[in-house]
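Survey of secondary and tertiary structure
The lines below spell out each chain.
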2 protein chains.
Amino acid sequence: LGKMKGRKARWAVRASDMSKKTFNPIRAIVDSMKVQPNANKTMISLSIGDPTVFGNLPTDSEVTQAMKDALDSGKYNGYAPSIGYLSSREEIASYYHCSEAPLEAKDVILTSGCSQAIELALSVLVNPGQNILIPRPGFSLYKTLAESMGIEVKFYNLLPEKSWEIDLKHLESLIDEKTACLIVNNPSNPCGSVFSKSHLQEILSVAARQRVPILADEIYGDMVFSDCKYEPLASLSTNVPILSCGGLAKRWLVPGWRLGWILIHDRRDIFGNEIRDGLVKLTQKILGPCTIVQGALKSIMRTPQEFYHNTLSFLKSNADLCYGALAAIPGLQPVLPAGAMYLMVGIEMEHFPEFENDVEFSERLIEEQSVFCLPGKCFEYPNFFRVVITVPKVMMLEACSRIQEFCEKHYQSVEGAQEECDK
Amino acid sequence: LGKMKGRKARWAVRASDMSKKTFNPIRAIVDSMKVQPNANKTMISLSIGDPTVFGNLPTDSEVTQAMKDALDSGKYNGYAPSIGYLSSREEIASYYHCSEAPLEAKDVILTSGCSQAIELALSVLVNPGQNILIPRPGFSLYKTLAESMGIEVKFYNLLPEKSWEIDLKHLESLIDEKTACLIVNNPSNPCGSVFSKSHLQEILSVAARQRVPILADEIYGDMVFSDCKYEPLASLSTNVPILSCGGLAKRWLVPGWRLGWILIHDRRDIFGNEIRDGLVKLTQKILGPCTIVQGALKSIMRTPQEFYHNTLSFLKSNADLCYGALAAIPGLQPVLPAGAMYLMVGIEMEHFPEFENDVEFSERLIEEQSVFCLPGKCFEYPNFFRVVITVPKVMMLEACSRIQEFCEKHYQSVEGAQEECDK
Ligand SMILES: Cc1ncc(COP(=O)(O)O)c(C=O)c1O
Ligand SMILES: Cc1ncc(COP(=O)(O)O)c(C=O)c1O
């Protein structure tokens with residue numbers, strides 16, 4: 001009995017605090033949207049950022065062949081170094097190297113998707129109790145990871161009227177002595193926006209003045225439409241140290257393969273060995289991405305330009321089509337995207353008095369039209385919904401016409417809405 | 001200036017406490033062993049638990065073909081559910097299902113290697129400040145993960161003279177009100193031991209009496225030599241809830257592919273939904289293993305029995321050969337393994353007075369004989385070294401004869417050693 005040292009007489013196994021703090025808002029919101037689609041209309045899901053679901057955007061055959069070659073070689077079945085094979089890191093380094101932001105293999109860490117890249121970058125830069133700055137609207141994983149780690153998040157505003165540029169004053173006002181990292185996501189999920197060179201320079205000025213290192217989420221890097229240029233943030237930074245996170249998921253259309261990376265940009269030696277060593281140590285916990293994908297990387301990075309070009313021209317034509325169709329609908333305010341695979345659409349809620357908010361709007365859109373878009377709430381941005389533009393053109397058109405029918409049915413001019421309230 | 005709110009006038013980016021606490025003892029010990037191998041002898045590395053390095057243990061051709069089929073199908077490029085495809089989880093469930101420990105797809109979570117399985121299991125079961133019980137000697141990742149998470153580790157002893165069974169009295173004496181989990185590794189790295197049914201039942205009795213849930217690291221499950229039977233811990237448990245961690249790494253000879261799993265065994269509903277939900281939430285942070293490997297799982301699990309059989313008979317013959325050779329060397333005390341891919345060898349240090357400890361013994365073995373074995377210190381177990389038995393037979397023999405030469409050169413009878421000291 002003395003031996004028991006207070007062990008419980010009954011079983012009591014509780015989930016850890018950390019697991020309880022790990023919260024995926026999209027899951028929670030979507031699960032709470034308990035609605036049935038309209039049985040008379042086939043479902044069109046414009047909700048998940050997975051370009052592969054409709055089968056219209058296969059990866060290049062050379063990408064698949066590269067994997068088969070890696071398998072056949074028999075060389076990539078064993079453990080790789082926890083940060084990835086040297087040859088694979090060399091390939092990524094030379095691919096993203098530029099004279100303004102030089103990269104060598106030692107600056108590259110391979111990870112299990114861009115998600116793990118972000119997790120490791122946050123883990124090495126931020127202590128519990130510190131805070132990070134994240135965009136609103138923004139990708140929900142930042143907050144999920146941070147809160148799971150006991151890190152406070154502060155949202156800085158993006159401005160829809162300025163093509164989702166950062167409200168720099170607001171950003172700077174949030175920085176305090178506990179701010180350990182600024183996350184910049186460019187091109188943006190959910191906005192589809194692409195920052196100009198000058199705007200990126202302004203962001204860097206804030207970071208330099210306030211001495212805040214940057215986590216650049218550049219998973220949609222190079223995924224910009226023809227009339228626009230993508231600048232990797234690090235290529236414009238003379239002093240601010242940057243961890244740039246990326247991966248194969250989006251540009252190579254293989255999100256399931258879980259290959260991501262961190263590029264360490266630190267020309268002023270501000271991160272120094274401490275951050276580099278810290279990252280290496282953290283990779284030793286779960287030992288990197290699948291070695292077959294690593295082995296195939298060299299060939300994957302050499303996919304013919306035509307492949308990227310085709311994806312982007314498809315996305316641009318869908319973006320234009322969707323934007324054009326939705327812009328013509330009274331009550332909706334789409335914001336034209338310049339890259340990535342998304343479009344944000346403002347809902348003039350005063351014209352839809354039947355719906356309490358964007359979540360209800362989205363629910364009813366499923367119920368009546370079997371069109372599923374994520375409500376802005378998933379991105380901490382009410383009164384909007386997000387459209388994924390990777391769907392086949394006919395589905396895109398059909399979805400837009402159903403959204404039009406839905407809006408026309410529920411739209412009320414402001415006077416009408418007012419009367420409605422007065423009753 | 002008021003705006004600066006105390007931001008530093010100079011850059012000061014420090015690595016997080018967590019990254020500093022993340023410590024891989026094997027790396028640290030090996031890196032500190034700054035020795036050059038003997039240039040006249042080719043290096044024989046018996047140090048890493050990677051069965052693929054020598055090319056003599058390729059995976060089965062059907063395993064590779066399964067991957068190619070998954071690639072060709074084009075069905076496995078997108079995101080899978082964060083816990084893995086339902087069909088893949090069904091396959092694992094039916095593979096490991098038995099009437100004493102039934103499993104369904106909902107009881108299976110796919111992870112990025114067994115390492116991530118262990119990380120998730122610890123993350124959901126243990127809060128910082130609590131403690132876990134881990135074997136000594138044991139696989140170093142347990143301590144690495146725990147300390148990185150602020151979890152205390154308590155080592156329970158394994159008894160070499162009882163084929164590395166657990167010292168159950170010692171184990172039970174360590175349990176206190178803060179003990180959140182008992183890790184049982186069977187078959188064992190580094191010992192190559194396989195627990196008997198009755199010993200496993202005794203371990204379960206302790207856990208049941210003390211109400212401590214078990215993390216069973218069964219990555220070497222089914223890898224036992226012909227004269228011995230492997231019992232999954234859960235098949236013997238009537239009440240103790242168990243998270244069994246496993247993966248493709250060892251038995252299918254593809255550690256680089258990073259596919260692991262957690263099997264949730266909880267017939268008394270002690271974990272309940274809380275632990276299950278916690279695990280699901282934790283998987284949403286980095287989104288599971290490579291989908292191509294997941295897609296290939298069904299075929300991989302159906303690899304012809306002959307393949308496993310061949311691996312095991314090779315390992316057994318190497319184990320016997322190595323054990324026989326080393327047992328004949330004065331000053332060494334190998335312990336015969338019954339499974340996995342390792343053998344632990346006791347060093348009678350009193351007969352090797354030149355060497356301060358097992359690390360120096362191992363260093364000098366590299367320097368003189370170009371044979372690299374990990375010192376016991378890597379497993380928290382001094383005066384031993386570990387031999388990996390996956391090398392080709394000729395290398396195994398050559399290594400043993402070099403070890404013999406080395407020991408013969410340095411061995412001193414106890415009287416001689418005594419004299420040496422008296423001088
Ligand atoms: C902005 C952003 N960052 C990161 C990720 C995660 O990428 P991965 O699938 O490589 O983990 C996504 C995925 O949708 C994303 O939209
Ligand atoms: C006992 C034990 N558990 C877990 C692992 C990790 O397995 P994986 O490579 O699937 O992460 C190893 C690898 O050597 C091991 O020896």
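All of these numbers come straight from a predicted model, not from anything done at the bench. (Residues numbered from 1 in each chain as written. Chains lettered and ligands numbered in written order. Predicted model: local features only at pLDDT ≥ 70, side-chain atom pairs only at ≥ 80, totals over all residues. Heavy atoms only, no water.)

Right, let's talk about the sheet that holds strand β14 (residues 384-388) of chain A for a bit. The four strands lie next to each other as β10-β11-β14-β13 (chain A), forming an open sheet whose pairing is antiparallel. Unpaired on one side and paired on the other, β10 (332-335) and β13 (374-375) of chain A mark the two borders of the sheet. (Pairing = 2+ DSSP bridges. Helix = DSSP H or I, 4+ residues; strand = E, 2+ residues; numbered from the N terminus.)

A few words on the packing of aromatic side chains. All names here are of chain A. Across all of its chains, the model carries 38 aromatic pairs over all chains by this definition. Relative to Y96, the ring of Y95 lies with its centre 4.9 Å away and its plane at 70°, an arrangement referred to as edge-to-face. Ring-pair connections join several aromatic residues into one group, and the members of that group are Y95, Y96, W252, W261, F307 and Y308. In this structure, R251 packs its charged tip against the face of Y308, placed 3.8 Å from the ring centre. (Phe/Tyr/Trp six-rings, centres within 6.5 Å; stacked < 30°, edge-to-face > 60°. Lys NZ or Arg CZ within 6 Å of the ring centre and 35° of its normal.)

So, on to the pattern of salt bridges. In the structure shown here, the tally under the stated rule is 43 salt bridges over all chains. A salt bridge links E368(B) to R364(B), with the shortest nitrogen-to-oxygen separation between them at 3.0 Å. Here R364(B) and E368(B) lie together in helix α12 (residues 358-369), a separation of four residues that amounts to about one turn. Among the charged side chains, a network of salt bridges with common partners joins E354(A), R364(A), E367(A), E368(A) and K409(A). (Salt bridge = Lys/Arg side-chain N within 4 Å of Asp/Glu carboxyl O.)

Before going further, it helps to examine the environment of L236(B). Residue and element names in this part refer to chain B. Turning to its location among the elements, L236 is positioned in the loop between β7 (214-217) and β8 (242-247). Classification of L236 by relative accessible area gives buried; the value is 17%. As for L236 and K377, which are separated by 141 residues in sequence, their C-alpha atoms are 33 Å apart. In this structure, L236 is in contact with K197, L200, Q201, L204 and E231, ignoring residues within four places of it in sequence. (Buried < 20%, exposed > 50% of the residue type's maximum accessible area, 1.4 Å probe, protein only. Contact = heavy atoms within 4.5 Å.)

Moving on: the interface of chain A and chain B. On the chain B side, the residues contacting the 83 residues of chain A number 84 residues. Taking both partners together, chain A and chain B bury about 7,300 Å²; carbon and sulfur atoms supply 54% of that area. The three residues of chain A that bury the most area against chain B are R7(A), W11(A) and K285(A), which together make up 13% of that side's buried surface. Linking chain A with chain B are seven salt bridges, by the criterion used here. The shortest N-O distance in the salt bridge between K68(B) and D72(A) comes to 2.5 Å. The interface formed by chain A and chain B includes 34 residue pairs in polar contact (both at pLDDT 80 or more). (Buried area = accessible area lost by both parts, 1.4 Å probe. Polar contact = N/O pair within 3.5 Å; in protein donor to acceptor, adjacent residues only side chain to side chain.)

Residues and elements named next belong to chain A. Taken in spatial order, the eight strands line up as β2-β9-β8-β7-β6-β3-β4-β5 in an open sheet, and their pairing is mixed. A strand with exactly one partner marks an edge of an open sheet, and here the two such strands are β2 (108-111) and β5 (165-166). Note: strand β4 (residues 152-159) against β5, two bridges, orientation antiparallel. Opposite L158, over in β5, you have I166 as the bridge partner. Along the sheet face, helix α5 (residues 113-125) touches β2, β3 (131-136), β6 (179-185), β7 (214-217), β8 (242-247) and β9 (260-265) and points at about 160° away from the line of β8. (Axes fitted to C-alpha atoms, helices over the stretch in contact; angles between N-to-C directions.)

Another aspect to go through is the site of ligand 1. Within the structure, ligand 1 sits among 15 residues, and S115(A), N189(A), D217(A), Y220(A) and Y79(B) are positioned closest to it. Interatomic distance of 2.8 Å between a backbone N/O atom of C114(A) and an oxygen atom of ligand 1. Note that an oxygen atom of ligand 1 is positioned 2.7 Å from one of the side-chain N or O atoms of Y220(A). The element contributing the most residues to the shell around ligand 1 is α5(A), with four residues. Tallied by class, residues from the shell around ligand 1 come to eight nonpolar, four polar and three charged. (Near = heavy atom within 4 Å. Nonpolar A, V, L, I, M, F, W, Y, C, P; charged D, E, K, R; others polar.)

Take the nonpolar core next. Counting residues in hydrophobic clusters, the biggest one holds 109 residues, and the most contacted among them are L122(B), I132(B), L182(B), I214(B), L326(B) and V387(B). Of all hydrophobic cores here, the second largest spans 75 residues; its members include I109(A), F225(A), F271(A) and L332(A). (Core = buried A, V, L, I, M, F, W, Y, C linked by side-chain atoms within 4.5 Å.)

Another point: the relation of the copies chain A and chain B. Superposing chain A onto chain B takes a rotation of 180° plus a shift of 0.0 Å along the axis, which leaves an RMSD of 0.0 Å. Viewed as a symmetry operation, the transformation between the two copies matches a two-fold axis. Mapped onto chain B, 100% of the interface residues of chain A are again interface residues, and the two copies thus contact each other with one and the same surface. (Least-squares fit on C-alpha atoms with pLDDT ≥ 70 in both.)

Residue and element names in this part refer to chain A. Tallying each qualifying case throughout the model produces zero disulfides over all chains. Free of any disulfide, C378 has its nearest cysteine sulfur in C373, 11 Å distant. Among the residues examined, C378 registers a relative accessible area of 2% and is labelled buried. Left without a disulfide partner, C407 is nearest to the cysteine sulfur of C373, which lies 10 Å away. (Disulfide = S-S within 2.5 Å.)

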